[in-house]
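Each chain, written out:
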Amino acid sequence: MKLLTLRGVATEAKLLLIGIPVLLWTLLPIYHMVLFAISPKDTALSGALWPEHPTLHNFAVVFGEEHYYLSHFWRQLWNSFFIAVTTGVLTLFVATFAAFAISRLRVRGGRAVMNLALFTYLIPAAFLAVPMYRTMGVYGLLNNQWSLILAMVALASPYAIWVLKQASDKLPYELDEAAIVDGASQMQLFRLVYLPLMAPSLVAVGTYALILAWNEYLYAFLLLSRDTAIPLSVALGNFLAADDSPWELLMTTGLIYALPPAAIYFVFKRYMAVGLTVGAIKG
Amino acid sequence: MAVVAIREVRKKFGSAEVIHGVSIDIADGEFVVLVGPSGCGKSTLLRTIAGLEEISGGEIAIGDRVVNDLPPKQRDIAMVFQNYALYPHMTVAENMGFSLRLRGASKKEIETRVRPAAEILGLLPLLDRYPRQLSGGQRQRVAMGRAIVRNPQVFLFDEPLSNLDAKLRVQMRTEIKELHQRLKTTTIYVTHDQVEAMTMADKIVVMRDGVVEQVGAPLDLYDRPENLFVASFIGSPAMNVLEGRIAQDGSATFVTSAGAVLPLAHAPQGSAGRAAVYGIRPEHIGLANDGVSAEVVVVEPTGAEIQVFARIKGEEINAVFRERHRFASGDAIRLAPDPAQVHLFDSQTGRRIEGADPDQTLGEERRLEKTT
């Protein structure tokens, strides 16, 4: 018994030995970001492990839009929210109907759609940036936030369809048949049986699309250029345009920008685990 | 309640035909069991009646309506699935009332229909529970409740008891039968378990490979199986079948291929020397001093009876005794098949050879005794 515990401790120690460096490695950049955010401008680059006079002044500057680069902070934060949420909702809309049609109604060509969805994984999104720019130009959508939203929905949908289709396939088909015998139309089946049972996966997929759009830089940078139209991610990039970038403000804004995804993750954690493993195994 | 007529129904999946022209007539209020080994097409046939599968040929009528092209919801049927198919996100009451909700019934109407059904099935205390909080038997009852609430013309059951443990299965068997006696709704029940078929059915339809082998009352099938398949499928333990010939000399005996001589009531006319299969149920074999000598291989006492596996000239034979004989492996015994209970089948076609049991009337009497 004692030997067993000893062995348990040994295993634990080994895991800790790997875990602690990994944790530090991950936290180090975040530590730096926090350090910058709470340091006064003149000591930000001093290299101290902790600022002598920690301050929240930087946050006041950011929230008060008191810097040239921050003159549209609230507007840009709102843009990020709007683009991310709309992308999440639209992706869910497209992917849920697609998954329902392919998995439950078993429409013709469903397999082809799934294969195409998988195929899109092979092409890095960056390759499509210029063609996408051209397409949006043809549609006259450049500098319109809908161009970014539509582009993000197009990028997020294949994966979303794939995950939701896998999750749908796990629902017993007898449920559909029972509902059909009970007299359900296809829309009733979708609304009253399918959607409630898919809820955890829907949350996971919606969050995935939302965070994908929230974090997007390249497409946002290409498709949008007006200061009042760009999301905060692009605005952060613009900080680096100057020779003497205000690092402490960049890091403060970055910290603020990183909080919503973290919050979403904590709220929907239990759904994410369910949803993301569903797509992991091909059924 | 309604009659159901199945006429020359065919079903193809792609180019493979799985049901080859099946015709069954089901009377109003009848409890019909479709039974057969897995893959015989019984579940597919049930699903075509439900409208979950389209038929490739023939006609299905419920009541006086041909329903070939009607969707399930217009057929006025209710179905109970093997895995219950309860909606996991709805309570028992919501599950039972779902069909009414789909039809746009008011909350009050749903409640007035759900409560009596729940009462019949003893589900009243469980109405607010979710399926995951119920035991297997309770889930089964909810699935039936969902069917009852709709008050359909026909109940369809697709192997509803196969997910339950043995004890519960026997209990639910009785409950379903009782329910049928109470509601008198025409019922079509699919199972692969011949005991379920025998105990529950008014009429059994034995299927194999997409064709109907025999239709009849349970004891008719037991007493007069039309062919070897039905003979060995119905009855537990299964009927002994021995290949051989009817005696050349015209005596009422049968000679197995190993050379054992077994009694017949009398040889069918003009059948001397004909190759045939001798069928005798284990319970129709007795012990007699002038019996056929056999060697005991295995003895299995169940308490109520003793099952003996023996060899007659190397051929396995199975006998069941109600008396507590003390046999041991290796014992020599003399087995006497009851000639009146012997079934003869053609060795080529497997079809029953008539005339082997002259006392057909005796069989009838015995059957009457059993049913009354």
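In what follows, the structure referred to is the one given above.
The model shown is predicted, which means the values in this text are computed figures rather than measured ones.

**Comments concerning the overall build of chain A**
At step 1: Summing up its helical and strand segments, chain A has 11 helices and 0 strands in all.
At step 2: Along the chain direction, N to C, the helices and strands of chain A fall in the order α-α-α-α-α-α-α-α-α-α-α.
At step 3: Against the globule reference of 19 Å for 283 residues, chain A gives a C-alpha radius of gyration of 24 Å, more extended than a compact globule.
At step 4: For chain A, the residues scored as buried account for 43% of the 283 residues in total.
At step 5: For chain A, restricting intrachain contacts to residue pairs at least 6 apart in sequence, the fraction spanning at least 24 positions comes to 74%.
At step 6: As displayed, chain A offers around 16,000 Å² of accessible surface, 71% of which is attributable to carbon and sulfur atoms.
At step 7: Computed over 17 positive and 15 negative side-chain charges, the separation of the two mean positions in chain A equals 16 Å.

**Remarks on the packing of helix α3 (residues 73-104) of chain A against helix α6 (residues 145-169) of chain A**
Residues and elements named next belong to chain A.
At step 1: Look at α3 against α6: their axes get within 6 Å of each other, and the N-to-C directions meet at 40°. Here α3 is positioned oblique relative to α6, judged by the angle of their axes. Note on packing geometry: the crossing formed by α3 with α6 is right-handed.
At step 2: Across the contact of α3 with α6, the residue classes break down as 17 nonpolar, 9 polar and 3 charged.

**A few points about the side chain of B:H343**
Residues and elements named next belong to chain B.
At step 1: Of note, H343 is situated in strand β19 (residues 343-346).
At step 2: A polar side-chain atom of H343 sits 3.1 Å from a polar atom in the side chain of R352.
At step 3: Sequence-distant contacts of H343, defined by excluding residues within four places in its chain, comprise Y222, D223, P225, M239, V277, Y278, G279 and R352.

**A closer look at the pattern of salt bridges**
At step 1: Inspection of every chain in the model, using the stated rule, returns 19 salt bridges over all chains.
At step 2: A salt bridge links A:D176 to A:R104; the shortest N-O distance between them is 2.6 Å. Of the two residues, A:D176 is situated in helix α7 (residues 173-181) and A:R104 in helix α3; the sequence distance between them amounts to 72 residues. Of the two residues, A:D176 and A:R104, neither departs from the other in class, the shared state being buried.
At step 3: One salt bridge connects B:E111 with B:R115, and the closest N-O pair in it is separated by 3.9 Å. Placement of both B:E111 and B:R115 in helix α3 (residues 107-120) is noted, with a separation of 4 residues, approximately one turn of the helix.
At step 4: On the accessibility criterion, B:R115 (40% relative accessible area) is partly exposed.
At step 5: Where salt bridges share partners, they join A:E177, B:K11, B:R47 and B:E53 into one cluster.

Rules used in this analysis
- Residues numbered from 1 in each chain as written.
- Chains lettered and ligands numbered in written order.
- Predicted model: local features only at pLDDT ≥ 70, side-chain atom pairs only at ≥ 80, totals over all residues.
- Heavy atoms only, no water.
- Helix = DSSP H or I, 4+ residues; strand = E, 2+ residues; numbered from the N terminus.
- Rg over C-alpha atoms; globule rule 2.2 N^0.38 Å.
- Buried < 20%, exposed > 50% of the residue type's maximum accessible area, 1.4 Å probe, protein only.
- Contact = heavy atoms within 4.5 Å.
- Areas by Shrake-Rupley, 256 points an atom, 1.4 Å probe, with all protein chains shown as cover.
- Lys, Arg positive; Asp, Glu negative; His and termini not counted.
- Charge placed at Lys NZ, Arg CZ, Asp CG, Glu CD.
- Axes fitted to C-alpha atoms, helices over the stretch in contact; angles between N-to-C directions.
- Parallel < 35°, antiparallel > 145°, perpendicular 65-115°, else oblique.
- Left-handed = near helix turned anticlockwise from the far one by under 90°.
- Nonpolar A, V, L, I, M, F, W, Y, C, P; charged D, E, K, R; others polar.
- Polar contact = N/O pair within 3.5 Å; in protein donor to acceptor, adjacent residues only side chain to side chain.
- Salt bridge = Lys/Arg side-chain N within 4 Å of Asp/Glu carboxyl O.

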